[in-house]
Amino acid sequence: MIDPMVSLAFNIYSNKGVYALLLGSGVSRSASIPTGWEIIIDLITKIAHLSDESISTDPITWYKDKYGENPDYSKLLDGLSKTPTERNALLHSYFEPTEDDVKQGKKIPTKAHKEIANLVRDGFIKVIITTNFDRLIENAIKDVGIIPVVISTTDAIKGALPIIHTSCTIIKIHGDYKDVRIRNTINELETYDKEFDDLLDRIFDEFGFIICGWSAEWDPALCNALLRCKNHRFSTYWTSISDLTGRAKDIFDFRQCQFIKINDADSFFSSVAEKVSALNNINKSHPLSAKLAIQTIKKYIIDEKQIINLHDMINAETEKVYKLLQSNRYDTLHDPADDAELLKRINQYESDIEILQSMIIYSCYWGDIDHCKKWIKSINRLGVLPLPKSSYDIWLNLLAYPIIILFYCGGMAALAANKFDIFKSILLDTMISFMGRESKMILYLSSEIHLMTEDRTNILGVRGHPNKLSKLFFNNLREPFRELIPDDKEYMINFDKFEYLMSLVHAFLVNKQGQHYWSRGGCFIQRRFAQDSSNVVKTIEDEIKYQKTEWPLLKIGLFEGNIDELLKTKEAIDEEIRRAPMITF
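In this text, all values refer to a predicted model and were calculated from it rather than measured experimentally.

1. Digging into the overall build of the protein
For step 1, the next point in the chain: Along the backbone of the protein there are 28 helices and 9 strands.
For step 2, the next point in the chain: For the protein, with 585 residues in total, the buried portion stands at 52%.
For step 3, the next point in the chain: Of all intrachain contacts in the protein linking residues separated by at least 6 positions in sequence, the fraction that spans at least 24 positions is 71%.
For step 4, the next point in the chain: On the protein, roughly 27100 Å² of surface is accessible, and the fraction owed to carbon and sulfur atoms is 52%.

Rendered as structure tokens:
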């Protein structure tokens, strides 16, 4: 039979967002968050100590001899703390990390919590039900840039967004350790409020489940909710380090669950995340397809007899990408607060243009101006952006993201190969059209696209950078250029040189339109004080001083071929750059 782990990975991947988690105290075990049983042992030990009695045997046996009954978590808490407020104070130290705990890696998110957070970030998990009072899972999810909706009280249910409209909903059915309304005793766990029962009934009916770290022994109301659900639309996977017994076995049989024996929650969720990621990679464009396209492009470029095949190849891939970019997968009606969708869309855009991107890079590097004209036509075709169906700026602006990538790729490749005529054509002839308004791409970029707000940037790895879009492109274009530019420093210089020259050309064009000179900015601003070739501002200044009117970009007609216009533009932009704050990254 197929390994249930394989089945689980396929179902999570194929039914994105359909599988929910039911997490018990075992998930927080490696974070040194104690289980209910461990809290019992610790409380018994403290009771014996305060009673001036020594425990000669194990704490459980001592308690039975002392009180004539087996220790009970609920009775212990009820006996020590008569009110919910007192119980909250008593339990606080079991969940809140001290400075020493943090240093030792205790009471902070574990590998399991982090892998769950990654599955949430990628949109595979949207709902988490937990019996735990701690905040490890929500902290882990926040660390990947998503703010989950947390429901721990009846009031929170009434005010919460519908689950379908959230990136992640965490339902803490026994409460939160910082709230005095936490449920601990048998009486408190025997039944839930109607609002909680209704919510659980809906979720158990509509979602598949992965159960981990939950024994079912202490939670009669939760057990009843699982047993009330007659529909099992999706599978339930129950993980455990040992065989199921008692109530757990009854629920397992009723829901016809699949059993997965695990060593611990950390290794289980790491394995799940690894398998889902593998399926995701398999279903992306195969890396050999881009490599094959590169080899074909190289062959067609050097053989004039292949001009028709080259034309057909470019057109076919352009039309393929055009249909993808115009498709419903980039719905602009989606909730703009969904960071998981933001990351998903950026990754999807990059996957859609992977082959075309490689073709443009190698054509502009090895080809001539005639080959370039075909790519200008291709970019301009894709630059006719689809008509929007909403006013969500983040999705509207993101429509241009793949076109800007192709613009960068062509310009950077031409510059790296000293193909200045191609470089000029990329800068001046590529166009973009949105809602009937057409403009040069370089002018469209005159104000940096707001792909994300500051609180979104952690998920993209560019939080806090003064030129977020520039940094994002710098990071994401490194691999496509690695074969042509293997040296990291050379790549950085080429990238910065492209952005600085683009900034000069842009400033010249806007000044001709009657606007003030101003710089688009870029990563080069943060390297302007370097004393070597990585300071492209100084490098290009030296080139112009030495070559004067023979400087290649003047000779091909940029800045109207006028060195005075060039110097005037450069002086204005360099002054703006000098005033920019210095931030090291």
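This is not the end of the story, as more comes after the structure.
2. Here we look at empty space enclosed by the protein
For step 1, the next point in the chain: Tallied over the full model, the rule gives 3 cavities of 30 Å³ or more.
For step 2, the next point in the chain: Here the largest cavity defines a volume of roughly 50 Å³.
For step 3, the next point in the chain: For the largest cavity, the full set of lining residues is Leu325, Gln326, Tyr349, Leu382, Val384, Leu385, Pro386, Leu399, Pro402 and Ile403.
For step 4, the next point in the chain: A per-class count over the lining of the largest cavity returns 9 nonpolar, 1 polar and no charged.

3. Examining the packing of aromatic side chains
For step 1, the next point in the chain: Evaluated as defined, the whole model comprises 25 aromatic pairs.
For step 2, the next point in the chain: When the ring of Phe474 is compared with that of Tyr491, the centres are 5.3 Å apart and the planes differ by 40°; the resulting orientation is tilted. With Phe474 in helix α24 (residues 468-476) and Tyr491 in helix α25 (residues 488-512), the pair connects residues that are 17 residues apart, well separated along the chain. Each member of the pair, Phe474 as well as Tyr491, is classed as buried.
For step 3, the next point in the chain: Through pairs of rings, three or more aromatic residues link up here, namely Tyr349, Tyr401, Phe407, Tyr408, Phe423, Phe473, Phe474, Phe481, Tyr491, Phe495 and Phe498.
For step 4, the next point in the chain: Taking NZ or CZ as reference, Lys16 lies 4.7 Å from the ring centre of Phe124, over its face.
For step 5, the next point in the chain: Taking NZ or CZ as reference, Arg381 lies 3.7 Å from the ring centre of Tyr322, over its face.

4. Notes on the packing of helix α26 (residues 536-547) against helix α28 (residues 563-578)
For step 1, the next point in the chain: Packing of α26 against α28 leaves a shortest axis separation of 12 Å and a crossing angle of 160°. In terms of orientation, α26 lies roughly antiparallel with respect to α28. Note that α26 runs across α28; the crossing there is left-handed. Listed contacts from α28 to Val537, Ile540, Glu541 and Ile544 of α26 are Leu566, Leu567, Lys570, Asp574 and Ile577.

5. A short note on the sheet that holds strand β7 (residues 258-261)
For step 1, the next point in the chain: Ordered by their spatial adjacency, 7 strands build an open sheet running β3-β4-β2-β1-β5-β6-β7, and the pairing between neighbours is parallel. The open sheet is flanked by β3 (149-151) and β7, the only strands paired with a single partner. Within the sheet, the average angular offset between the axes of one strand and its neighbour, ignoring direction, is 20°.
For step 2, the next point in the chain: Relative to strand β2 (residues 125-130), strand β1 (residues 19-23) runs parallel, the two sharing 4 bridges. Following the sheet pairing, Tyr19 is matched in β2 by Ile125.
For step 3, the next point in the chain: Contacts from helix α8 (residues 136-143) reach β2, β3 and β4 (169-172) within the one sheet, and its direction differs from that of β4 by about 170°.
For step 4, the next point in the chain: In the packing of helix α11 (residues 194-206) onto the sheet, contacts are made with β2, β3, β4 and β5 (208-212), and the angle to β2 comes to roughly 130°.

6. Topic: the nonpolar core
For step 1, the next point in the chain: Phe407 and Tyr408 are the most contacted members of the largest nonpolar core, which totals 96 residues.
For step 2, the next point in the chain: Here the element with the most residues in this core is α25; it accounts for 14 residues.
For step 3, the next point in the chain: Judged by nonpolar contacts, the second largest core, of 35 residues, contains Leu119, Ala140, Ile262 and Val276.

7. What to know about the confidence of the model for the protein
For step 1, the next point in the chain: Here the protein averages 84 in pLDDT, and 87% of its residues register 70 or above.
For step 2, the next point in the chain: Across residues 447-466, confidence stays below pLDDT 50; counting only partners more than four residues off in sequence or on other chains, it has 61 contacts.

8. Here's the deal with the pairing of β2
For step 1, the next point in the chain: β2 sits mainly inside the fold: 6 of its 6 residues count as buried.
For step 2, the next point in the chain: With 4 bridges joining them, β2 and β4 adopt parallel strand pairing. Note that in β4 the partner of Ile129 across the bridge is Ile171.

Conventions adopted
- Residues numbered from 1 in each chain as written.
- Predicted model: local features only at pLDDT ≥ 70, side-chain atom pairs only at ≥ 80, totals over all residues.
- Heavy atoms only, no water.
- Helix = DSSP H or I, 4+ residues; strand = E, 2+ residues; numbered from the N terminus.
- Buried < 20%, exposed > 50% of the residue type's maximum accessible area, 1.4 Å probe, protein only.
- Contact = heavy atoms within 4.5 Å.
- Areas by Shrake-Rupley, 256 points an atom, 1.4 Å probe, with all protein chains shown as cover.
- 1 Å grid on protein atoms, 1.4 Å probe; cavity = no way out; pocket = protein on both sides within 12 Å on 5 of 7 lines; lining within 4 Å.
- Points joined across faces, edges and corners; volume = space filled by probe spheres on them.
- Nonpolar A, V, L, I, M, F, W, Y, C, P; charged D, E, K, R; others polar.
- Phe/Tyr/Trp six-rings, centres within 6.5 Å; stacked < 30°, edge-to-face > 60°.
- Lys NZ or Arg CZ within 6 Å of the ring centre and 35° of its normal.
- Axes fitted to C-alpha atoms, helices over the stretch in contact; angles between N-to-C directions.
- Parallel < 35°, antiparallel > 145°, perpendicular 65-115°, else oblique.
- Left-handed = near helix turned anticlockwise from the far one by under 90°.
- Pairing = 2+ DSSP bridges.
- Core = buried A, V, L, I, M, F, W, Y, C linked by side-chain atoms within 4.5 Å.
- pLDDT = per-residue confidence, 0-100.

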